[in-house]
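Structural features, examined
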Amino acid sequence: MRLAIIQNLYPSYIKKFEETNKENFTSYESCLKLLHQDAFAWNGVWGGALAKENIEVVELYVNFEALNRHWCEENGLNFEQLTTENILFEQLKKFKVDAVLNTDVKLLKSTFIKGIKGINGVRAVFAHICSPYFTPLDLAEYNGIFTCLRYFEEQFKHYGFNAFYLPHCFNPAVLSKIGENAPLSKINKVFFAGGIVKGQDLHDDREKLLLKFFDQKIPFAFFSELYAYNRFKNSGIFLGKSVIFRFNNLLRKLKISESDLNKIPVLREGLSWKYLPGGLVDRRLTNNAHAPLYGLDLLREMQKYSISLNIHAGVAQDEAANMRLFEATGVGATLLTDYKSNLSDFFELDKEVIAYRTIDEAIEKAKYLLDNPAIAAQIGKAGQARILKDHTFDNRAPILASHISRVI
């Protein structure tokens with residue numbers, strides 16, 4: 001079986017990746033190889049794991065222009081005359097895939113997914129969803145949905161979809177790539193990398209937590225896209241989103257259907273918003289952020305620090321689910337994370353990770369770990385051992401493969 005995995009990379013990641021590697025973009029394969037080597041998110045990781053399940057993986061990156069430009073040139077197509085969807089459609093035909101896994105349901109609309117299902121040989125199309133940016137209309141054409149959240153799984157089943165729980169995991173292959181620069185002793189600071197998108201189901205609690213760390217003068221290293229935060233631009237974005245949110249709610253009260261609203265591009269983006277989009281990020285965070293890190297750069301830097309701080313987006317509710325759980329422990333950092341009811345499904349608390357229930361408890365435990373680096377190191381080693389035993393892509397591949405095979 002051949003599976004195409006469709007990814008939509010962060011624009012900021014693509015920009016930084018191109019700045020570092022552009023002179024080596026000599027062909028489609030050279031671009032793809034560099035992406036896989038950088039190990040950002042899912043780049044290049046499912047292929048090896050799923051090969052053991054007799055599934056060949058083709059990775060397609062819808063918004064990586066340089067990569068797709070090379071593919072068009074090598075396949076006799078005019079890149080300038082094609083849309084993103086046109087190129088993706090041609091790629092799926094060329095690679096003769098049996099199934100498709102799309103990781104961005106907001107980018108590719110139901111009409112396009114329906115078209116994919118009409119390609120000769122394509123037997124099923126799946127989605128992967130771990131964020132709140134979707135509506136039932138976005139999901140109408142999928143044969144199955146994978147998610148890292150149990151309550152999303154139940155929600156999708158309630159909508160009438162095949163839904164499957166697939167927790168995140170770690171790619172052990174990165175350790176050989178970052179191990180050459182592994183520090184002999186850890187930097188005794190708290191490390192945090194991530195953005196802040198204001199909103200009740202996003203990062204409002206994250207902002208409060210980080211501000212408390214700064215106010216308490218905890219030794220702290222903060223890497224984020226907030227490094228280049230444009231307050232004027234974001235004021236405009238907030239105003240625009242607020243108008244869309246309120247206008248959508250008004251039209252719903254007037255009994256305008258979701259399907260009709262979905263036909264209007266300017267309103268479509270806001271259909272999945274359950275809460276009013278948040279405002280501007282506190283200046284103390286934007287003024288103290290270092291440039292964002294991705295891929296191997298992120299993992300290499302994280303590995304240097306004794307403690308890695310984690311807090312989930314609001315959408316996670318009471319579930320431990322994000323990738324940082326597995327990245328931080330995977331590289332051997334001591335994970336200090338927000339308590340969730342299922343956290344013990346992944347780790348032994350207080351031995352393999354440290355959990356906090358309140359911001360004050362996070363501060364207290366961070367201070368304790370900083371004051372006791374030997375204990376922190378012991379927890380980091382135990383967490384890493386658990387990851388390498390139970391939470392790798394090799395561990396998750398049978399779950400993914402079995403559900404895809406069963407649906408087909």
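With that settled, consider the sheet that holds strand E11 (residues 354-356). Pairing within the open sheet is parallel, and its 5 strands lie in the order E8-E7-E9-E10-E11. Sheet topology places strand E8 (220-223) and E11 at the edges, where each strand pairs with a single neighbour. When strand polarity is set aside, the average angle formed by the axes of neighbouring strands in this sheet is 25°. Pairing geometry for strand E10 (residues 334-338) and E11, over 3 bridges, is parallel. Considered in E11, the bridge of Thr337 is made with Ala355. Running at roughly 150° to E11, helix H16 (residues 359-371) makes contact with strand E7 (187-193), strand E9 (305-310), E10 and E11 of the sheet.

Right, let's talk about the layout of surface pockets for a bit. Any space left empty among the atoms is revealed by the rolling of a water-sized probe across them. Empty space within the second largest pocket amounts to approximately 230 Å³. Considering every element that reaches the lining of the second largest pocket, the biggest residue donor is helix H9 (residues 204-215), with 3 residues. Partitioned by chemical class, the residues of the lining of the second largest pocket number 7 nonpolar, 7 polar and 5 charged.

Now for the packing of aromatic side chains. Per the counting criterion, the structure on display carries 29 aromatic pairs. Consider the rings of Phe40 and Tyr294, whose centres lie 5.8 Å apart with planes at 85°: the pair is edge-to-face. With Phe40 in the loop between helix H2 (28-38) and helix H3 (46-51) and Tyr294 in the loop between helix H13 (283-286) and helix H14 (295-303), this residue pair connects regions lying 254 residues apart in the sequence. As far as the burial class goes, Phe40 and Tyr294 line up, both buried. Taking the centre distance of 5.1 Å and the plane angle of 45° together, the rings of Phe146 and Phe164 count as tilted. In this pair, Phe146 sits in strand E5 (residues 144-147) while Phe164 sits in strand E6 (residues 163-165), placing the two residues 18 residues apart along the sequence. When sorted by exposure, Phe146 lands in the same class as Phe164, which is buried. One aromatic cluster is present, built from ring pairs that chain together Tyr10, Tyr13, Phe17, Phe25, Phe40, Phe64 and Tyr294. Between Arg357 and the ring centre of Tyr339, over which it is positioned, the NZ or CZ distance is 3.9 Å.

The rules behind each value
- Residues numbered from 1 in each chain as written.
- Predicted model: local features only at pLDDT ≥ 70, side-chain atom pairs only at ≥ 80, totals over all residues.
- Heavy atoms only, no water.
- Pairing = 2+ DSSP bridges.
- Helix = DSSP H or I, 4+ residues; strand = E, 2+ residues; numbered from the N terminus.
- Axes fitted to C-alpha atoms, helices over the stretch in contact; angles between N-to-C directions.
- Contact = heavy atoms within 4.5 Å.
- 1 Å grid on protein atoms, 1.4 Å probe; cavity = no way out; pocket = protein on both sides within 12 Å on 5 of 7 lines; lining within 4 Å.
- Points joined across faces, edges and corners; volume = space filled by probe spheres on them.
- Nonpolar A, V, L, I, M, F, W, Y, C, P; charged D, E, K, R; others polar.
- Phe/Tyr/Trp six-rings, centres within 6.5 Å; stacked < 30°, edge-to-face > 60°.
- Buried < 20%, exposed > 50% of the residue type's maximum accessible area, 1.4 Å probe, protein only.
- Lys NZ or Arg CZ within 6 Å of the ring centre and 35° of its normal.

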